[in-house]
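# Residue-level structure breakdown
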Protein chains: 2
Amino acid sequence: MSVPARATSPSGSGSRPAARQPAPRAAPPAARAATRADVARHAGVSTAVVSYVVNEGPRRVAPETAARVRAAVEALDYSPNVAARALRMGSSEMLGLVVPDITNLFFAELAHAVESAAAEHGFLVTLASSGSDVDLERELVADLAGRNADGLMVSTVLTPEALTALPAPRRPTVLINVSAPFAGYAAVGSDARQGAYDLVEHLLGTHGHTSVALVIGESTERLPEPRERGFVEAFAAHGLPPGPVVRTAFSRTGGYDAVRRILAWRHRPDAIFLSSDQQASGAYRAVREAGLECPDDVALIAYDGTSQSAFSWPPLTVARQPVEAMARAALQAVLDPVNAPAHQQLPTELVVRRSCGCPSPPSPTA
Amino acid sequence: MSVPARATSPSGSGSRPAARQPAPRAAPPAARAATRADVARHAGVSTAVVSYVVNEGPRRVAPETAARVRAAVEALDYSPNVAARALRMGSSEMLGLVVPDITNLFFAELAHAVESAAAEHGFLVTLASSGSDVDLERELVADLAGRNADGLMVSTVLTPEALTALPAPRRPTVLINVSAPFAGYAAVGSDARQGAYDLVEHLLGTHGHTSVALVIGESTERLPEPRERGFVEAFAAHGLPPGPVVRTAFSRTGGYDAVRRILAWRHRPDAIFLSSDQQASGAYRAVREAGLECPDDVALIAYDGTSQSAFSWPPLTVARQPVEAMARAALQAVLDPVNAPAHQQLPTELVVRRSCGCPSPPSPTA
DNA sequence: TTGAAAGCGCTAACAA
DNA sequence: TTGTTAGCGCTTTCAA
C-alpha cells in the first residue's frame, strides 16, 4: 500500500513559493499519552504519590519527592485523563450548557457569560447547541449527563408538557431563559413582561405614540407570552386598546418579513416592537428598503439588547436582558441546587437610544 | 429512607407575587444513575449482553433476550456513562472545537457549521472559547484531549512560534481559520489574500476608486497578513500606490474608532475595507454619526460575510468566508489525519451588495 | 511520608 | 447465544 502523496495545497504565500516539502506532518497520529503509572515509574514513586502531587492533596508529600514527580510530569508531558477522573469521582468540574442556536448573538453572549461565571468557580463549560431540535436537545442533555457533567443548564425548546414527561434529570439542572418555573426544575429568566411593559410604556408615555405593533415569535412556553402581556398591559395603563400582533419566526428574516407586511398596512403604526434583536435586524432592513426613516417614519424598539444593538443605525432602544446576572444565577442554582429558588426572574434594563425617537447617545459604548 | 416529596414549583404566572413556598425542589439531587449492572440484573442477563444490545454489537443477541434488556433499560431509565466508555475505548465520539470568541458571529457560524458537519458523522462537538487568552487556550486543548476527544479543531491565538514549541498533540489536531500551514498541524483556512484582492479590485476596477483605506486587526499570524497582501496587490495591479492602513482591534469598537479617525483625515478615502464583519459594524455607526452616507460619501467593504452582513443598510459587500467548506475540510482532516493535506485554503466568495456602490439586491436572502 | 490495592462503568476477548 | 472477567486511568482508604 502506498501512502497517498501528501498534496500540500499551493499556499499562496506571496513571498515564498508554495511549500512542496517532503510531506509536512499534517496531524500527528496520537502517540500514546503518558499515564500516571508512567510518571510514577519515571519518578520512582507509587501512583498514589503522583496523585497527591498532581492534585495537591489529600496527603502531604515530601518536597523533594514532589519535585521528582513534577520533573517526571514535565519530562513525559503528562496530563491527566479527565475521563478517568470523571469516572472515578463521578464528577468532572464541568458543566453543560445547551442552547437552541449559538448563531443567535443573544445565546452566544449568554454562553459567554456562563463560561466566565463558571470559570470563576473553576468549572469548564461544555456548550452544545440543539438547533431547536427537540430530539437533539434530549440527546445532548443525556450525553452531557453521561459525561458526568456536574450540572446542566438548558435553554430548552421543549414544551412544559414534554419537559415534565421527562425522567428526572440525574444532575442538577436549571432551565435558563424561561419566564416561568417548571415542576422539578430550577429556572432563571428575565422579567420579560416588565421589560416589554417598560419599552412600550416609553413609546406610549414619553413619545405619545398610540399605535404600536408587536412582532413576536412562536414560543414553546406557556401562553400568553410575557412580552405580549407586557405589551398589552402598557396599552391598558394608558387606557388604549392593544396594538396589532404579528407572529413570525424569531429570526432576522422573520423580522424582515413581518415588518414588510406591517409597513404595507393601510394605517402604518407609529412604532414596532420587535421581540428579539434578531428580528430587529431584519426590521431595519425592511424599513430602509421601504424608503422610510427610523424613528421619524416608524420607531423601532426591541427585546434582548445584545452588543450589536448599540451599533445599528439609528442605535436601537432596547430592554436589555440581564445576561450576566442570569448566568450567575443559573450557575448558583446549579452549584447549590438545594437552596436554589424555583424561579428567579431578573429585571431587564431599559436602554434608551435613538430608534424610539430619543436623542442619540454620544457613542456606542453608551 | 423516604423518597423526597416532589414539590412542584409554583407555576409563576406573573400575576402572583414571587414564590416564598416551602422550598420547591429546585433541581433534583442526583438519584444514583442506573448502571449497566443494574440493567443486567433487572433483565436477568449478564452485563455483556446489555453491552451487546445497547451497542448493537459486536455479538448477536437473541431477539427476545434483547427485548428484555430493552425493557429493563426503559424501566430503569438507563443511559450509558459516556465517561466510562470513553475511558475504556480511548475515544468518545466527540470532537473538540476551540475558538477565541463565540460572541463573534463569524466564530459562532463556524462553530455551527462544525457541529452540523460532525453530526453527519455521528460526532458530537464540545465547544470551548478561549477569550483570546493564550493560557486558557492551552488549558482547554489539554482538557479536551484528556476527555478523550477524538480530535481537536482549534482557531488558535498562539503565534506560530508558540505553537511549534508545544508538545505534539495527542489527538489529531487541525488548525482552523489560519492562512498558512504550521509544522506538525493540518490547517484549513480561507484564501484571505484572494478574497481581499477581489474586494479591492472590485472597488478599483468596477467603481474606479483610487483611494481605499484598510482597517485591519493585529494578527498573531505570520506577517504580512494575507488580507493586507491582497489589498496591496490589487493596487499594484492597477498601477496604484497602496492605500493607507489602520491597525486596530478586531472588534466593533475597533472598527468604529478606526473609521472615525479615517473620516477626520484631510483627504477622506473613497472607500474603506474592513477586515471583519465586526469592524464593519462599528464602521457603519461611525459613518452615520459623521453624517455621511454610504456608499455615496464612502463605500464600505468587508471580509467575513456573516449572515448579518446582508441585513446592514446599505447591505454590505463582502468576501464571504467559506464557513461550511472550512468546517467540512477541518472535519475531514481530523477524522482522517493521515491523508489530510498540510494546508487547505478555500476560496471566498465575492458577494456584491450595495455598500460598495452597486445596485442593491432585491432581498436579504441574496 | 509512601505504597498497595480496590473499584468507578464500560467493552470485548475468551470460555462455556 | 450468553457469561466471566480483565483492565482502561484515576483517587483514596488502609497498611506499612
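Note that this is a predicted model, so its numbers are computed, not measured. In this convention, every chain numbers its residues from 1, walking through the sequence in written order. Just so you know, chain letters begin at A and ligand numbers begin at 1, following the order they were written in. Restriction of local features to residues with pLDDT of at least 70 applies here, the model being predicted, together with a cutoff of 80 or more for giving and counting side-chain atom pairs; totals for whole chains, interfaces and linings are based on all residues. The side-chain quantities take in all heavy atoms of the structure and omit both hydrogens and water.

### A look at the sheet that holds strand 9 (residues 299-304) of chain A
Residues and elements named next belong to chain A. Here, any two strands with at least 2 DSSP bridges between them count as paired. In DSSP terms, a helix is any run of H or I states spanning at least four residues, a strand is any run of E spanning at least two, and both are numbered starting from the N terminus. Taken in spatial order, the 6 strands make up an open sheet running 7-6-8-9-10-12, and their pairing is mixed. Edge positions in the sheet fall to strand 7 (245-248) and strand 12 (349-351), since each has one partner strand and no second. Taken over all neighbouring pairs, the strand axes of this sheet differ in orientation by 20° on average, direction set aside. Bridging between strand 9 and strand 10 (residues 317-320) involves 4 bridges; their strand directions are parallel. Each residue of the ladder has a partner; that of I301, found in strand 10, is T317. Angles here are taken between N-to-C directions and fall from 0 to 180 degrees, while the axes themselves are lines fitted to C-alpha atoms, restricted in helices to the stretch in contact.

### Re the packing of helix 8 (residues 192-206) of chain A against helix 9 (residues 226-237) of chain A
All names here are of chain A. At a minimum axis distance of 7 Å, the contact between helix 8 and helix 9 shows a crossing angle of 40°. The interaxial crossing formed by helix 8 with helix 9 has right-handed handedness. Only P226, R227, R229, G230, F231, E233, A234, F235 and A237 of helix 9 make contact with helix 8, whose side of the interface consists of A192, R193, A196, Y197, V200, E201 and L204. Taken together, the residues of the contact of helix 8 with helix 9 sort by class into 10 nonpolar, 1 polar and 5 charged. Left-handed describes a crossing whose near helix is turned anticlockwise from the far helix by less than a right angle; the clockwise case is right-handed. Every residue pair with non-hydrogen atoms within 4.5 Å of one another is taken to be in contact. Residues are grouped as follows: Ala, Val, Leu, Ile, Met, Phe, Trp, Tyr, Cys and Pro are nonpolar; Asp, Glu, Lys and Arg are charged; every other residue, Gly included, is polar.

### Description of empty space enclosed by the protein
The distinction between a cavity and a pocket rests on a 1 Å grid over the protein atoms alone: a 1.4 Å probe fits inside a cavity but cannot get out, while a pocket stays open yet meets protein on both sides within 12 Å along at least five of seven lines, and a residue with an atom within 4 Å of a point counts as lining. Grid points are joined across faces, edges and corners, and a volume is the space filled by probe spheres set on the points. Under the definition given, this model contains 4 cavities of 30 Å³ or more. In this model, the largest cavity occupies a volume close to 520 Å³. Lining the largest cavity are 33 residues, and of these S281 and Q308 of chain A together with S281, Q308 and S312 of chain B lie nearest its centre. Taken together, the elements giving at least two residues each to the lining of the largest cavity come down to helix 11 (277-289) of chain A together with helix 5 (105-120) and helix 11 (277-289) of chain B. Considered as a void within the structure, the second largest cavity measures approximately 80 Å³ in volume. Elements that contribute at least two residues to the lining of the second largest cavity include exactly helix 4 (82-89) of chain A together with helix 4 (82-89) of chain B.

### Regarding the sheet that holds strand 8 (residues 271-274) of chain B
Residues and elements named next belong to chain B. Pairing is mixed in the open sheet, where 6 strands are placed in the order 7-6-8-9-10-12. Sheet topology places strand 7 (245-248) and strand 12 (349-351) at the edges, where each strand pairs with a single neighbour. Mean inter-strand twist for the sheet, computed between neighbouring axes without regard to direction, equals 20°. The strands touched by helix 11 are strand 6 (212-217), strand 7, strand 8, strand 9 (299-304) and strand 10 (317-320); relative to strand 9, the strand with the most contacts, the crossing angle is about 160°.

### Some details on helix 1 (residues 36-43) of chain B
All names here are of chain B. Type-normalised accessible area, obtained with a 1.4 Å probe on protein chains alone, sets the label of each residue: buried when under 20%, exposed when over 50%, and partly exposed for intermediate values. All of the buried residues along helix 1 are D38, V39, A40 and A43. On its buried face, helix 1 is in contact with helix 2 (47-55) and helix 3 (63-76). Polar contact criterion, stated in full: a pair of N or O atoms within 3.5 Å, where within protein one must be able to donate a hydrogen and the other to accept it, and residues adjacent in sequence count only if both atoms are side-chain atoms. The opening residue of helix 1 is T35, an N-cap whose side-chain oxygen sits 3.1 Å from the backbone nitrogen of A37. After helix 1 finishes, the residue G44 shows a positive phi value of roughly 70°.

### Description of the environment of D277 of chain A
Residues and elements named next belong to chain A. Its place among the elements puts D277 in helix 11. The residues touching D277, leaving out its near neighbours within four places in the chain, are A302, Y303, D304, G305, T306, S309, L316 and V318. Side-chain polar atoms of D277 contact the backbone nitrogen of G305, separated by 3.1 Å.

### What to know about the protein's contact with DNA strand C
Nearness here has a simple test: a residue counts as near a molecule or strand if at least one of its heavy atoms is within 4 Å of that partner. Around DNA strand C lies a shell of 27 residues, among which S46 and T65 of chain A together with R36, Y78 and R88 of chain B are the nearest. Across the atoms of DNA strand C situated within 4 Å of the protein, the share located in sugar and phosphate is 59%. Within the backbone of A84 of chain B, one N or O atom sits 3.4 Å away from a base nitrogen of DNA strand C. Within the surface near DNA strand C, the residues separate by chemical class into 14 nonpolar, 7 polar and 6 charged.

### Brief notes about the UniProt feature "domain: HTH lacI-type" (unreviewed entry) in chain A
Listed under "domain: HTH lacI-type" (unreviewed entry) in the UniProt record, and renumbered for this structure, are residues 34-89 of chain A. Segment residues 34-89 of chain A splits into 70% helix and 0% strand. End C-alpha atoms: 21 Å apart. UniProt positions are given in the numbering used here, feature names are shortened, and annotations may be inferred rather than shown by experiment.

### Focus on the pattern of salt bridges
Whenever a carboxyl oxygen of Asp or Glu lies within 4 Å of a side-chain nitrogen of Lys or Arg, that contact is scored as a salt bridge. Per the stated rule, a full pass over the model turns up 24 salt bridges over all chains. The partner of R193 of chain A in a salt bridge is E233 of chain A, with the nearest N and O atoms 2.9 Å apart. Note that R193 of chain A is positioned in helix 8 and E233 of chain A in helix 9, a separation of 40 residues in sequence. What makes R193 of chain A buried here is its relative accessible area of 17%. The class for E233 of chain A is partly exposed, based on a relative accessible area of 32%. Ionic pairing is found between R247 of chain B and E228 of chain B, a salt bridge with its closest N-O pair at 3.1 Å. One end of the pair, R247 of chain B, is in strand 7; the other, E228 of chain B, is in helix 9 (residues 226-237), with 19 residues separating them in the sequence. The class for E228 of chain B is buried, based on a relative accessible area of 15%. Members of the salt-bridge network, linked through shared partners, are D191, R193 and E233 of chain A.

### Some remarks on the packing of aromatic side chains
Residue and element names in this part refer to chain A. Each Phe, Tyr or Trp ring, with Trp reduced to its six-membered ring, pairs with another whose centre is within 6.5 Å; inter-plane angles below 30 degrees give stacked pairs, above 60 give edge-to-face pairs, and intermediate values give tilted ones. For the coordinates displayed, the defined rule picks out 4 aromatic pairs over all chains. Ring geometry for F231 versus F235: centroids 5.0 Å apart, planes at 70°, classification edge-to-face. In this pair, F231 and F235 both sit in helix 9, 4 residues apart, roughly one turn of the helix. Given the relative accessible area of 0%, F231 is considered buried. The class of F235 is buried, set by a relative accessible area of 0%.

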